[in-house]
Amino acid sequence: MNKHKIETWSIFLFLTFFTLLTIYPAIRIISISLRTDNAFQTKSLAFIERSESFRDENGNGVWDKGEPFDDDNHNGRRDAGSGFKAYFELFTKTDFPRWAWNSFFVTLMVTLTGVLLASTSGYALSRFQFRGKQFTMLSLLTTQMFPATMLLLPFFILLSKLGLINSYLGLIIIYSSTALPFCIWQMKGYYDTIPVSLEESARLDGCSRFTAFYRIILPLSSPALVITALFSFMASWNEYVVANIILQDPDLYTLPLGLKSFQASLSTQWGLYSAGAVVVSIPVTILFISLAKYLVSGLTMGSVKG
Amino acid sequence: MYRPGLFDFMKSGLRILFACFLVIAALTAVADAKTRIHIWHQMLYENRKALREMCDRYEARHPDIEISLLYRETEELRSNYQSAAMGGSGPELIYGPSDQVGPFSTMGIIKPLDDIFKPEFFARFVDNAVVRYKGRIWMIGDVMGNHLMLLYNRNLVKSPPENTDEMIRIGQELTRDLNGDGKIDQYGLVWNFTEPFFFAPWVGGFGSWLITDDGQPNLDTEAMVSAFTFIKSLRDKYKIIPKESDYEIANAMFKTGAAAMIINGDWSLGDYEGVVDFGITRIPKVSATGLWPTPMVSTKGYSINVNVTGDLLDKCADVIRYLTSDEVQYYYASKLNMQPSSIAALKSSAVTENEELRESAKSIEVGRPMPVQPEMRAIWDALRTQYQAVLGGEKSPEEAARLSQLNAEKQIRDMNDILDPGPSVILIKWILPLLLIILTAFYRKQIVLFFREFHQQKFAYYMLLPAVIGIFSVVIFPFLFNIMLSLSNFSLRTFQNWQLVGFQHYREVLTEARFYGILLKTIIWTVVNIVFHVTLGVFLAVLINRTLPAKKTLRTLMIIPWALPQYITALTWRGMFNQEYGSINLILGRLFHLSPIQWLSQPFEAFSACIITNIWLGFPFMMVIALGGLQSIPRELYEAARVDGASRFQQFRKITVPMLKPVMIPAIVLGIVWTFNNINVVWLVSNAGEPSDQTHILVSYVYKAAFNLYRYGYGAALSMVIFLILLIFGIFFMKKTKATGTVL
């Protein structure tokens, strides 16, 4: 083995180790969701706990391969078992499917609005020199500086005056707007890397400004559009605080609100909660995984691309 | 690069968008003929189902009424209801614990019930179920209880302790190392002892109480000192309770038999049913005084929104009559083991023949009613801080008792303070409009030019305007409103009639030593986080940006912390940091034989725990940005450097760093702003600032001041200060690094 190979493999091992550390908490959530006794705490580090509850009628354990059961604590009680009970209950006995549909609808709207608005305004900021441009760019950053929690009370008052409490419209407007500043910055950064000459030649061929943007530049910016969509998606899919003040009808609940309803200050349905958490995380994780390559190529933040 | 699929999807997406807006508009237009009565409540999971059943019964008898139920966790119920009632809306009925009566009636957002019901109606209930405050009746309870008791595992405890000496003796017998590894596997007693509510009964047991009848704090007492000392001795001298325990852990330990006794409330009984063979008894008599500890007993019940009038009010009153009726209470008693509040229901066989209810009633006998005064919140808060400091060994019991009294008095003063308009009001009222006029005049030219050029640059403006209007309409009004709040005396006692008072809140913020302490902590929080995010991110990006086996998989897996919802991961980390049950200490113990670190009960460790969590959450973002930057660096540069004999480190310093800089700086600026204002992690990991409010950063402190202690004006001023700090930093940093050159 040459020196280069040793280096590659040692880096690989290090990174594998680090990755395991990184995903450990995620694994932990899955493991909690598989317990049957609604407990958040356990001393066991095992991913799936051995238990009697998974023995079949002949007494053969499913997980423990027929090993005799150890009463570790000598207290006559068996340790928590595991299973998919919480998942089953989540889909059959709670409103989870409805929340999922609501969340899906709101998130789709927010993502579409976000992509539409960020792609156009990013373009204007990238290609044109106009009065107030500097000011606009800076104030976009400024909007991120205010502690969002203090905006809640005014938000509520504003929305109730406009009659937007208990409506998705209010929610969609707020979500789109919170994700926008970052998305606009990011779209502008990407447009900056596309040579102006492309539109210029299109314009010479008789395209209107908008057609040039729509037919030439936008298709070229797919990676950045994907990132914008992803960020808008995240802003809405995972959001709890704003939804909490706007949605007061359980039929309208989005996923985070629904999940929170399993939590009470002194009595949480941990099984349902973590099973729900796992299910909620799946779409986001799949999106991230399938879009990982765009994340690297599309998230430019003002870099200069060849 | 051209991707027709994605692009076409976007086009059709736009059509769907408009179609959907139309559908929403159409759906909201459908009218509803029934009278809808909304109830907001905070009932536990099982109880919610019973309440729904009862409401269904009512709806069947009254076809014109529809009852809609909404669950909110207790604290959120309170703050949401406050905002809603202030905005003139909210549910017709609100259900909750009796201590919300104090703040709600002071704010004027619930109706006095003695105008609506006849005295005969109230006479049907036990005295404590009719909640009075300042001479009026505000709430009518349907259950009694919420009180703490001693529960014991019958397999381990044969006869329950009568007094604390016995409790300690039994506790010591049952605190054991079962498998001989030198660690304790079973404790005699466990409970959520760090939380003041779970500590309060002992104060009564030592012969005193937290609050006087006229609502003054009563914390600097002999009894308080003895109670502090007693709890500490249980942990440190007799060692019958674990070092660190919150509610969840205590619960899990009792369920799995890892604790023989637990102090817990009546709400938990259903949770243990069929899991543990348990008995119920009073919290044991304090041997030193011969007194029973006094658990707080409260009722939960219904109040009516102040905005309800006329015909609707009668209907609401009827719903309350039904939901507190004997019929409903029998059902709760038999199904949920709830202690009824009606005198008739208490005498029924459903109650007297139910062993659990009988035993639990014995604890109610020695209990004290939960104080309803709004001041109680300040007392809890002051007590929590000092009590946790005693447990952490930072303060002596005497000092803590004295300080908790002082702090409670101060907080009550702050809470009840109604600021009078100062001279600066005139200044504000005149100067602000004047400033606006001057600014307009000053920028007259620019504004005129703007409209003139609008035509020339029409295309750019049209592209930009929708987004800008969206963002600013969402941000500008709340922002201006917040400025107004910060200059006003908006607080508990001025909820309905606040006015502008001037710059007092700003002066208060800037002259408090506390503010600078927290600011320093916030800066440490931000700097440490960003340094780790960036170095870790860049380091990993450099490592991974080469030919590696399974490179894509590794890269993708490392992004996962970014993808998962923060409210879920932060709570998971909190669980992982637990001293005895958290996987971090378990792993550290197994691998390195470290003694368990008290992550969540020591200020420094708790703050570190928050930082570790946030580093985990934040590094993938920086890694991805750095990766993007690295890929744009031409390979030839490195080759040329290698030919010139540059070492790896030199290559990194002379090529990688300068080429990455323009990419990283905007990301760092954003990262700093986001980290500075990240309330989620601190709030969830440290459980709202525990221990002793020492893990706060500025945003979490604002949240606490505004929403927990009703000091909205003060909170608004503090948030303006935060905003200005970040603004000044942002401008300075951008100028210094010339980031504007690459971004703008």
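Everything quoted here is computed from the prediction, not taken from an experiment.

**Focus on the overall build of chain A**
Okay, so step 1: Secondary structure assignment for chain A yields 13 helices and zero strands.
Okay, so step 2: Secondary structure elements of chain A, listed N to C terminal, follow the sequence α-α-α-α-α-α-α-α-α-α-α-α-α.
Okay, so step 3: Across the 306 residues of chain A, 49% fall into the buried class.

**Overview of the domain arrangement of chain A**
Okay, so step 1: Split into domains, chain A comes out as domain 1 (28–37 + 49–66 + 73–83) and domain 2 (88–298).
Okay, so step 2: When grouped by side-chain class, the residues that make up the side of domain 1 of chain A that touches domain 2 of chain A number three nonpolar, one polar and one charged.

**With respect to the nonpolar core**
Okay, so step 1: Membership of the largest hydrophobic core comes to 279 residues, with the highest contact counts inside it found for L93, V190, A259, A626 and V702 of chain B.
Okay, so step 2: Among the elements that make up this core, the one with the highest residue count is helix α27 (residues 603–631) of chain B (16 residues).

**As for the pairing of strand β6 (residues 148–153) of chain B**
Residues and elements named next belong to chain B.
Okay, so step 1: Judged by how many residues are buried, β6 sits mostly within the fold: six of six residues are covered.
Okay, so step 2: What you see with β6 is no split at all: L148, L150 and Y152 on one side and M149, L151 and N153 on the other are buried throughout.
Okay, so step 3: When β6 meets strand β8 (residues 259–265), the two strands line up antiparallel, connected through five bridges. Within the sheet, the bridge partner assigned to Y152 lies in β8 and is M261.
Okay, so step 4: Note: β6 against strand β9 (residues 278–281), four bridges, orientation antiparallel. Each residue of the ladder has a partner; that of L151, found in β9, is I280.

**Observations regarding the packing of helix α22 (residues 513–544) of chain B against helix α29 (residues 648–676) of chain B**
Relative orientation and spacing of two packed helices are given, respectively, by the angle between their axes and the distance between those axes.
Residue and element names in this part refer to chain B.
Okay, so step 1: Running from N to C, α22 and α29 point in directions that differ by 145 degrees, and their axes come no closer than 10 Å. Here α22 runs over α29; the crossing is right-handed. Contacts from T522, T526, N529, I530, H533, V534, V538 and V542 of α22 reach α29 at T656, L660, M664, I668, G671, I672, T675 and F676.
Okay, so step 2: For the contact of α22 with α29, the class distribution of residues is nine nonpolar, seven polar and no charged.

**Brief notes about the interface of chain B and chain A**
Many analyses report the size of an interface as the accessible area lost when the parts associate.
Okay, so step 1: Taken together, the contact between chain B and chain A spans 120 residues of the former and 112 residues of the latter.
Okay, so step 2: Ranked by residue count, the leading element in the side of chain B that touches chain A is helix α20 (residues 458–486) of chain B, at 16 residues.
Okay, so step 3: By residue class, the composition of the side of chain B that touches chain A is 79 nonpolar, 32 polar and nine charged.

**Re unusual backbone geometry**
Okay, so step 1: The phi dihedral of N166 of chain A is positive, around 65 degrees, even though this residue is not glycine.
Okay, so step 2: Within the element layout of this structure, N166 of chain A appears in the loop between α5 (152–161) and α6 (168–192).
Okay, so step 3: Judged by local crowding, N166 of chain A falls into the partly exposed class, with 17 C-beta atoms found within 10 Å.
Okay, so step 4: Of note in this structure, K134 of chain B is not a glycine but carries a positive phi near 50 degrees.

**Here's the deal with the confidence of the model for chain A**
Residue and element names in this part refer to chain A.
Okay, so step 1: Averaged over all residues, the pLDDT of chain A is 77; the fraction at 70 or higher stands at 81%.
Okay, so step 2: Mean pLDDT across the elements of chain A bottoms out in helix α13 (residues 292–298) (75) and peaks in helix α3 (residues 96–127) (92).
Okay, so step 3: Taken as a whole, residues 50–82 scores under 50 in pLDDT and shows 58 contacts with residues more than four places along the chain or in a different chain.
Okay, so step 4: Low confidence marks residues 302–306, where pLDDT is under 50. Its contacts with residues over four positions away, or in another chain, come to 18 contacts.

**Observations concerning the environment of V284 of chain A**
Okay, so step 1: Mapped onto the fold, V284 of chain A is located in helix α12 (residues 270–290).
Okay, so step 2: A tally of 19 C-beta atoms within 10 Å means that V284 of chain A is categorised as partly exposed.
Okay, so step 3: With 47 residues separating them along the chain, V284 of chain A and W237 of chain A place their C-alpha atoms 8.3 Å apart.
Okay, so step 4: If we skip the residues at most four places from it in the chain, V284 of chain A touches M234 and W237 of chain A together with A563 and L564 of chain B.

**Observations regarding helix α1 (residues 3–33) of chain A**
Okay, so step 1: Compared with an ideal rise of 1.5 Å per residue, which puts 31 residues at 45 Å, α1 of chain A spans 45 Å between its outermost C-alpha atoms and is within 8% of the ideal.
Okay, so step 2: Its axis deflected by about 40 degrees at Y24 of chain A, α1 of chain A carries its strongest bend there, up to four residues before the proline P25 of chain A.
Okay, so step 3: Within α1 of chain A, the full set of buried residues consists of L15, T22, P25, A26, I29, S31, I32 and S33 of chain A.
Okay, so step 4: Against α2 (85–93) and α12 of chain A together with α22, α23 (551–558), α24 (560–563) and α25 (566–576) of chain B lie the buried residues of α1 of chain A.

**Focus on the environment of L449 of chain B**
All names here are of chain B.
Okay, so step 1: Here L449 is to be found in helix α19 (residues 444–456).
Okay, so step 2: What makes L449 partly exposed here is the crowd of 13 C-beta atoms within 10 Å.
Okay, so step 3: Considering only alpha carbons, one finds L449 and Y330, 119 residues apart in sequence, at a separation of 76 Å.

**Concerning the environment of M253 of chain B**
Residues and elements named next belong to chain B.
Okay, so step 1: Within the element layout of this structure, M253 appears in helix α9 (residues 247–255).
Okay, so step 2: The class of M253 is buried, set by 24 C-beta atoms lying within 10 Å.
Okay, so step 3: Along the chain, M253 and Y581 lie 328 residues apart, while their C-alpha atoms are 9.6 Å from each other.
Okay, so step 4: Apart from residues no more than four positions distant in its own chain, M253 is found in contact with Y187, V190, A258 and A259.

Definitions and limits used
Residues numbered from 1 in each chain as written. Chains lettered and ligands numbered in written order. Predicted model: local features only at pLDDT ≥ 70, side-chain atom pairs only at ≥ 80, totals over all residues. Helix = DSSP H or I, 4+ residues; strand = E, 2+ residues; numbered from the N terminus. Buried ≥ 20, exposed ≤ 12 C-beta atoms within 10 Å, placed from the backbone. Domains from an automatic or database assignment. Nonpolar A, V, L, I, M, F, W, Y, C, P; charged D, E, K, R; others polar. Core = buried A, V, L, I, M, F, W, Y, C linked by C-beta atoms within 7 Å. Pairing = 2+ DSSP bridges. Axes fitted to C-alpha atoms, helices over the stretch in contact; angles between N-to-C directions. Left-handed = near helix turned anticlockwise from the far one by under 90°. Contact = placed C-beta atoms within 7 Å. pLDDT = per-residue confidence, 0-100. Expected span 1.5 Å × (residues − 1). Bend = angle between axes of the 7 residues up to and from the residue.

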